[in-house]
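# Secondary and tertiary structure notes
Take a look at the letters that make up each chain.
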Amino acid sequence: MVAVYPGSFDPATNGHLDIIKRASKLADKLYVAVLRNSSKNCLFSVEERMSQLQLITKGFPNVIVTSFSGLLVEFVKGSGADVIIRGLRAVTDFEYEFQLALTNRSINPDIETLFISASTKYLFLSSSVVKEIANYGGCIDDMVPQEIKGVLMDKLRGSPC
Ligand code: ADP
């Protein structure tokens, strides 16, 4: 199985890394794909997020970090993948994720969306929560990999990373 795990990853959290670890056991090849045309206002550039993801996934030989713009299903098809991986946290994720999965299926019924449930300890963890806590000087040690903590602190201090 060749799979694509798409997202904003602004920045990648331990919750994302947990999904990557688990999905990389299911897939022969896993593309972790940073979305380029997001309407979200991102803290990190796509290139910064890609190099962060490369750093934290270097122990997974079947994980390839990439980026995409345009329709996800087109990117999935073009990569030779047939499965989209998404993480599901609390019920609040469900409606949005379900809608996304159904929309993608209506565009290309050959591509399946596979949901992986969040681990209990990361159930309420999101990139925005991490940024908010870090911004106010709170401890994010259990929320992001060490490498991400460093670049996030640098970014919030306004120094180049
Ligand atoms: P998007 O902008 O596509 O929602 P995110 O980077 O916020 O991008 O999330 C990418 C995927 O990872 C989504 O499927 C999201 O539900 C999932 N995800 C985010 N945080 C967690 C977490 N703590 N545990 C499990 N899955 C998560």
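Residues numbered from 1 in each chain as written. Predicted model: local features only at pLDDT ≥ 70, side-chain atom pairs only at ≥ 80, totals over all residues. Heavy atoms only, no water.

## A look at the packing of helix H5 (residues 127-135) against helix H6 (residues 146-156)
When two helices pack together, their arrangement is given by the angle between the helix axes and by the axis-to-axis distance. The contact between H5 and H6 brings their axes to 10 Å, and the two run at 60 degrees. Between H5 and H6, the angle is such that the two are oblique. The crossing of H5 and H6 is right-handed. Residues Val130, Lys131, Ala134 and Asn135 of H5 form the contact with H6, whose participating residues are Leu152, Met153 and Leu156. Split into classes, the residues belonging to the contact of H5 with H6 amount to five nonpolar, one polar and one charged. (Axes fitted to C-alpha atoms, helices over the stretch in contact; angles between N-to-C directions. Helix = DSSP H or I, 4+ residues; strand = E, 2+ residues; numbered from the N terminus. Parallel < 35°, antiparallel > 145°, perpendicular 65-115°, else oblique. Left-handed = near helix turned anticlockwise from the far one by under 90°. Contact = heavy atoms within 4.5 Å. Nonpolar A, V, L, I, M, F, W, Y, C, P; charged D, E, K, R; others polar.)

## Brief notes about the sheet that holds strand E4 (residues 83-88)
Strand pairing in a sheet is mediated by backbone hydrogen bonds. Such pairs are either parallel or antiparallel. The parallel open sheet is built from five strands, whose spatial order is E3-E2-E1-E4-E5. Both outer strands of the open sheet, strand E3 (63-68) and strand E5 (112-117), are each paired with one neighbouring strand and no more. Taken over all neighbouring pairs, the strand axes of this sheet differ in orientation by 30 degrees on average, direction set aside. In the sheet, E4 pairs with E5 via six bridges, with the strands oriented parallel. Looking across to E5, one finds that Gly87 is bridged to Ile116. Across the sheet, helix H1 (residues 14-26) touches strand E1 (2-7), strand E2 (29-35), E3, E4 and E5, and the angle it forms with E5 is around 125 degrees. Helix H2 (residues 46-56) contacts E2 and E3 of the sheet and is inclined by roughly 150 degrees relative to E2. (Pairing = 2+ DSSP bridges.)

## As for H5
The set of residues buried in H5 consists of Ser127, Val130, Lys131 and Ala134. Relative to the axis of H5, the buried residues are bounded by an arc of 95 degrees and lie together on one face. On its buried side, H5 packs onto H1 and H6. Backbone geometry just downstream of H5 places Gly137 in the positive-phi region, at approximately 80 degrees. (Buried < 20%, exposed > 50% of the residue type's maximum accessible area, 1.4 Å probe, protein only. Arc of directions from axis to C-beta.)

## A word on the packing of H2 against H6
It is the contact of H2 with H6, at a shortest axis distance of 10 Å, that shows an interaxial angle of 155 degrees. Compared by their axis directions, H2 and H6 come out roughly antiparallel. Facing Glu48, Gln52, Leu55 and Ile56 of H2, the residues of H6 in contact are Glu147, Ile148, Val151 and Lys155.

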